[in-house]
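Residues per chain are reported as follows:
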Amino acid sequence: MTRPDTTILEIHGKRPRIHDSAFIAPGCRIIGDVEIGPDASIWYNCVIRGDVSRVVIGARTNVQDGSVIHCDGPMPGNPNGYPTLIGEDVLIGHMAMIHGTVIEDRGFVGFSAQTMNGCVIEHDGMLAAGALLSPNKRIPARQLWSGRPATFMRDLDDRMLAGLQMGVKHYVENAKHHVAALNGQAEG
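Residues numbered from 1 in each chain as written. Predicted model: local features only at pLDDT ≥ 70, side-chain atom pairs only at ≥ 80, totals over all residues. Heavy atoms only, no water.

1. Observations concerning the nonpolar core
Thought 1: Ranked by size, the top nonpolar core spans 46 residues in total, and within it Ile36, Ile42, Ile57, Ile69, Ile92 and Leu127 carry the most contacts.
Thought 2: Listed by contribution, the elements that provide at least two residues to this core are strand 3 (23–24), strand 4 (29–36), strand 6 (47–57), strand 10 (91–92), strand 13 (108–109), strand 16 (126–127), strand 19 (143–147) and helix 1 (158–187).
Thought 3: If we skip the residues at most four places from it in the chain, Ile36 touches Arg17, Ile18, His19, Ala22, Ile24, Ile30, Ile42, Ile48 and Ile57. (Core = buried A, V, L, I, M, F, W, Y, C linked by side-chain atoms within 4.5 Å. Buried < 20%, exposed > 50% of the residue type's maximum accessible area, 1.4 Å probe, protein only. Helix = DSSP H or I, 4+ residues; strand = E, 2+ residues; numbered from the N terminus. Contact = heavy atoms within 4.5 Å.)

2. Considering the packing of aromatic side chains
Thought 1: Applying the stated criterion to the full structure yields four aromatic pairs.
Thought 2: Arranged with centres 4.9 Å apart and planes meeting at 65°, the rings of Phe23 and Trp43 form a pair that is edge-to-face. Within this pair, whereas Phe23 is found in strand 3, its partner Trp43 is found in the loop between strand 5 (41–42) and strand 6, the two being separated by 20 residues in sequence.
Thought 3: Using a relative accessible area of 2% as the deciding quantity, one classes Trp43 as buried.
Thought 4: Between Phe23 and Tyr44, the aromatic rings sit 6.3 Å apart at their centres with planes inclined by 70°, giving edge-to-face as the arrangement. Remark: Tyr44 occurs in the loop between strand 5 and strand 6 and Phe23 occurs in strand 3; sequence separation between them is 21 residues.
Thought 5: Aromatic ring contacts, followed pair by pair, group Phe23, Trp43, Tyr44 and Tyr171 into a single cluster. (Phe/Tyr/Trp six-rings, centres within 6.5 Å; stacked < 30°, edge-to-face > 60°.)

3. A closer look at the side chain of Thr84
Thought 1: One can find Thr84 in strand 9 (residues 84–86).
Thought 2: On the accessibility criterion, Thr84 (0% relative accessible area) is buried.
Thought 3: At 2.9 Å, the side chain of Thr84 forms a polar contact with the backbone nitrogen of Gly100.
Thought 4: With residues up to four places along the chain from it excluded, the contact list for Thr84 reads Arg54, Val55, Val56, Ile69, His70, Cys71, Ile98, His99, Gly100 and Thr101. (Polar contact = N/O pair within 3.5 Å; in protein donor to acceptor, adjacent residues only side chain to side chain.)

4. Section: unusual backbone geometry
Only a minority of non-glycine residues have a phi that is not negative, and only a minority of peptide bonds are not trans.
Thought 1: In the segment running from Arg148 into Pro149, the intervening peptide bond is cis, with an omega of 5°.
Thought 2: Following the sequence through the fold, Pro149 ends up in the loop between strand 19 and strand 20 (150–155).
Thought 3: Residue Asn45 is not a glycine yet carries a positive backbone phi of 65°.
Thought 4: Within the fold, Asn45 resides in the loop between strand 5 and strand 6.
Thought 5: Even without being glycine, Ser112 reaches a positive phi, approximately 55°.
Thought 6: Residue position: Ser112 is located in the loop between strand 13 and strand 14 (114–115).
Thought 7: Taking relative accessible area as the criterion, Ser112 reaches 38% and is therefore assigned partly exposed.

5. Regarding the sheet that holds strand 13
Thought 1: Across the sheet, which stays open at both edges, the eight strands sit in the order 3-5-7-10-13-16-19-20 with mixed pairing between neighbours. For this open sheet the edge positions go to strand 3 and strand 20, each flanked by a neighbour on one side alone. (Pairing = 2+ DSSP bridges.)

6. With respect to the pattern of salt bridges
Thought 1: Per the stated rule, a full pass over the model turns up nine salt bridges.
Thought 2: Between Glu122 and Arg138 there is a salt bridge, with its nearest N and O atoms 2.9 Å apart. Of this pair, Glu122 sits in the loop between strand 15 (120–121) and strand 16 while Arg138 sits in strand 18 (residues 138–139), and the two are 16 residues apart along the sequence.
Thought 3: Residue Arg138 is classed as partly exposed on the basis of its relative accessible area of 44%.
Thought 4: Put simply, Arg17, Asp33 and Glu35 are held in one network by salt bridges that share partners. (Salt bridge = Lys/Arg side-chain N within 4 Å of Asp/Glu carboxyl O.)

7. Overview of the side chain of Thr101
Thought 1: For Thr101, the position within the fold is in the loop between strand 11 (97–99) and strand 12 (102–103).
Thought 2: Taking relative accessible area as the criterion, Thr101 reaches 0% and is therefore assigned buried.
Thought 3: Apart from the residues lying within four places of it in its own chain, the contact partners of Thr101 are Pro83, Thr84, Leu85, Thr115, Met116 and Cys119.

Spelled out as C-alpha coordinates, the structure:
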(Lines give C-alpha, C1' and ligand atoms only; values in the text may rest on other atoms or scores of the structure.)
Protein backbone atom coordinates (compact mmCIF):
# COMPACT_ATOMS: atom_id res chain seq x y z
CA MET A 1 0.00 0.00 0.00
CA THR A 2 1.42 3.37 -0.98
CA ARG A 3 0.74 6.22 1.43
CA PRO A 4 0.92 9.96 0.75
CA ASP A 5 3.29 10.42 3.72
CA THR A 6 5.90 8.00 2.30
CA THR A 7 8.29 8.73 -0.56
CA ILE A 8 9.32 5.94 -2.95
CA LEU A 9 11.40 7.75 -5.57
CA GLU A 10 13.11 6.70 -8.79
CA ILE A 11 16.40 8.46 -9.57
CA HIS A 12 18.97 7.86 -12.33
CA GLY A 13 16.62 5.26 -13.82
CA LYS A 14 16.63 3.19 -10.61
CA ARG A 15 13.45 2.61 -8.64
CA PRO A 16 13.24 0.92 -5.21
CA ARG A 17 12.22 -2.74 -5.31
CA ILE A 18 10.23 -3.59 -2.20
CA HIS A 19 8.87 -7.07 -1.52
CA ASP A 20 5.09 -7.15 -1.07
CA SER A 21 5.43 -8.55 2.47
CA ALA A 22 7.80 -5.79 3.66
CA PHE A 23 6.46 -3.13 6.03
CA ILE A 24 7.26 0.49 5.15
CA ALA A 25 6.06 2.84 7.90
CA PRO A 26 4.72 6.34 7.30
CA GLY A 27 7.34 9.06 7.00
CA CYS A 28 9.93 6.89 5.25
CA ARG A 29 11.93 8.10 2.26
CA ILE A 30 13.24 5.32 0.00
CA ILE A 31 15.15 6.54 -3.01
CA GLY A 32 16.88 4.96 -5.99
CA ASP A 33 18.63 1.59 -6.21
CA VAL A 34 17.19 0.05 -3.04
CA GLU A 35 16.05 -3.55 -2.61
CA ILE A 36 14.03 -4.55 0.47
CA GLY A 37 13.39 -8.26 1.07
CA PRO A 38 10.49 -10.34 2.38
CA ASP A 39 9.12 -9.56 5.85
CA ALA A 40 11.66 -6.75 6.30
CA SER A 41 10.42 -3.72 8.21
CA ILE A 42 11.43 -0.12 7.74
CA TRP A 43 10.06 1.86 10.68
CA TYR A 44 8.81 5.42 11.00
CA ASN A 45 10.83 8.26 9.46
CA CYS A 46 13.74 6.26 8.07
CA VAL A 47 15.72 7.46 5.03
CA ILE A 48 17.23 4.87 2.68
CA ARG A 49 19.01 6.50 -0.21
CA GLY A 50 20.50 4.48 -3.08
CA ASP A 51 21.23 7.40 -5.37
CA VAL A 52 24.98 6.93 -5.96
CA SER A 53 25.29 3.16 -5.39
CA ARG A 54 22.96 0.44 -4.19
CA VAL A 55 21.36 -0.55 -0.90
CA VAL A 56 20.14 -4.09 -0.21
CA ILE A 57 18.16 -5.03 2.90
CA GLY A 58 17.55 -8.74 3.42
CA ALA A 59 14.58 -10.78 4.57
CA ARG A 60 13.23 -10.18 8.08
CA THR A 61 15.71 -7.38 8.72
CA ASN A 62 14.35 -4.38 10.58
CA VAL A 63 15.53 -0.78 10.38
CA GLN A 64 14.15 1.05 13.37
CA ASP A 65 12.72 4.55 13.60
CA GLY A 66 14.73 7.52 12.38
CA SER A 67 17.63 5.53 10.93
CA VAL A 68 19.56 6.68 7.86
CA ILE A 69 21.10 4.29 5.32
CA HIS A 70 23.25 5.56 2.46
CA CYS A 71 26.17 4.47 0.26
CA ASP A 72 28.99 5.98 -1.82
CA GLY A 73 29.63 5.77 -5.53
CA PRO A 74 32.88 5.16 -7.40
CA MET A 75 35.86 7.27 -6.36
CA PRO A 76 39.62 7.36 -6.91
CA GLY A 77 41.12 4.21 -5.49
CA ASN A 78 37.72 2.52 -5.24
CA PRO A 79 36.01 2.23 -8.63
CA ASN A 80 33.21 0.06 -7.16
CA GLY A 81 32.26 2.59 -4.51
CA TYR A 82 30.69 1.52 -1.24
CA PRO A 83 27.27 -0.09 -1.58
CA THR A 84 25.39 -0.86 1.63
CA LEU A 85 24.55 -4.54 1.77
CA ILE A 86 22.53 -5.74 4.75
CA GLY A 87 21.81 -9.45 5.15
CA GLU A 88 18.90 -11.37 6.58
CA ASP A 89 17.63 -11.26 10.18
CA VAL A 90 19.59 -8.09 11.00
CA LEU A 91 18.52 -5.72 13.80
CA ILE A 92 19.28 -2.02 13.28
CA GLY A 93 18.39 0.14 16.28
CA HIS A 94 16.65 3.49 16.40
CA MET A 95 18.50 6.48 14.92
CA ALA A 96 21.38 4.39 13.52
CA MET A 97 23.42 5.68 10.59
CA ILE A 98 24.71 3.01 8.19
CA HIS A 99 26.98 4.23 5.37
CA GLY A 100 28.76 2.15 2.75
CA THR A 101 28.77 -0.90 5.02
CA VAL A 102 28.25 -4.65 4.74
CA ILE A 103 26.25 -6.23 7.56
CA GLU A 104 26.10 -9.99 7.28
CA ASP A 105 23.17 -12.19 8.37
CA ARG A 106 22.07 -11.79 11.99
CA GLY A 107 24.27 -8.74 12.55
CA PHE A 108 23.23 -6.07 15.03
CA VAL A 109 23.66 -2.29 15.13
CA GLY A 110 22.57 -0.58 18.36
CA PHE A 111 20.65 2.65 18.93
CA SER A 112 22.37 5.75 17.52
CA ALA A 113 25.38 3.73 16.35
CA GLN A 114 27.21 4.72 13.17
CA THR A 115 29.13 2.79 10.53
CA MET A 116 31.30 4.33 7.84
CA ASN A 117 32.51 3.38 4.36
CA GLY A 118 34.17 0.00 3.99
CA CYS A 119 33.01 -1.42 7.32
CA VAL A 120 31.92 -5.03 7.71
CA ILE A 121 29.92 -6.54 10.54
CA GLU A 122 30.22 -10.29 10.15
CA HIS A 123 27.38 -12.71 10.91
CA ASP A 124 26.23 -12.52 14.53
CA GLY A 125 28.51 -9.50 15.11
CA MET A 126 27.30 -6.59 17.22
CA LEU A 127 28.00 -2.86 17.26
CA ALA A 128 26.82 -1.42 20.59
CA ALA A 129 24.50 1.53 21.06
CA GLY A 130 26.16 4.89 20.43
CA ALA A 131 29.29 3.31 18.94
CA LEU A 132 31.18 4.61 15.89
CA LEU A 133 32.73 2.04 13.56
CA SER A 134 35.38 4.03 11.69
CA PRO A 135 36.16 3.44 7.98
CA ASN A 136 37.24 -0.03 6.85
CA LYS A 137 36.88 -1.68 10.27
CA ARG A 138 35.61 -5.25 10.55
CA ILE A 139 33.70 -6.75 13.46
CA PRO A 140 34.37 -10.50 13.42
CA ALA A 141 31.57 -13.03 13.90
CA ARG A 142 30.14 -13.27 17.43
CA GLN A 143 32.00 -10.22 18.75
CA LEU A 144 30.65 -7.10 20.49
CA TRP A 145 32.37 -3.79 19.72
CA SER A 146 31.66 -0.54 21.54
CA GLY A 147 32.97 3.01 21.91
CA ARG A 148 33.91 5.98 19.71
CA PRO A 149 35.86 4.73 17.84
CA ALA A 150 34.56 1.22 18.41
CA THR A 151 36.90 -1.47 19.70
CA PHE A 152 36.48 -5.10 20.73
CA MET A 153 34.66 -5.57 24.05
CA ARG A 154 33.91 -9.30 24.32
CA ASP A 155 32.69 -12.41 22.58
CA LEU A 156 28.93 -13.06 22.39
CA ASP A 157 27.50 -16.26 23.84
CA ASP A 158 24.68 -18.41 22.47
CA ARG A 159 22.15 -16.96 24.95
CA MET A 160 22.80 -13.39 23.77
CA LEU A 161 22.54 -14.40 20.10
CA ALA A 162 19.28 -16.28 20.76
CA GLY A 163 17.88 -13.14 22.39
CA LEU A 164 18.72 -11.10 19.31
CA GLN A 165 16.88 -13.57 17.09
CA MET A 166 13.85 -13.27 19.36
CA GLY A 167 14.03 -9.54 18.59
CA VAL A 168 13.96 -10.29 14.85
CA LYS A 169 10.83 -12.44 15.29
CA HIS A 170 9.22 -9.72 17.41
CA TYR A 171 9.73 -7.10 14.69
CA VAL A 172 8.31 -9.35 11.95
CA GLU A 173 5.19 -9.92 14.06
CA ASN A 174 4.91 -6.32 15.27
CA ALA A 175 5.05 -5.06 11.68
CA LYS A 176 1.90 -7.07 10.92
CA HIS A 177 0.09 -5.28 13.75
CA HIS A 178 1.20 -1.89 12.44
CA VAL A 179 0.05 -2.78 8.92
CA ALA A 180 -3.37 -3.76 10.28
CA ALA A 181 -3.65 -0.55 12.32
CA LEU A 182 -2.64 1.62 9.36
CA ASN A 183 -5.03 -0.21 7.03
CA GLY A 184 -7.83 0.32 9.54
CA GLN A 185 -6.95 4.00 9.76
CA ALA A 186 -7.00 4.32 5.96
CA GLU A 187 -10.39 2.60 5.74
CA GLY A 188 -11.95 4.48 8.68
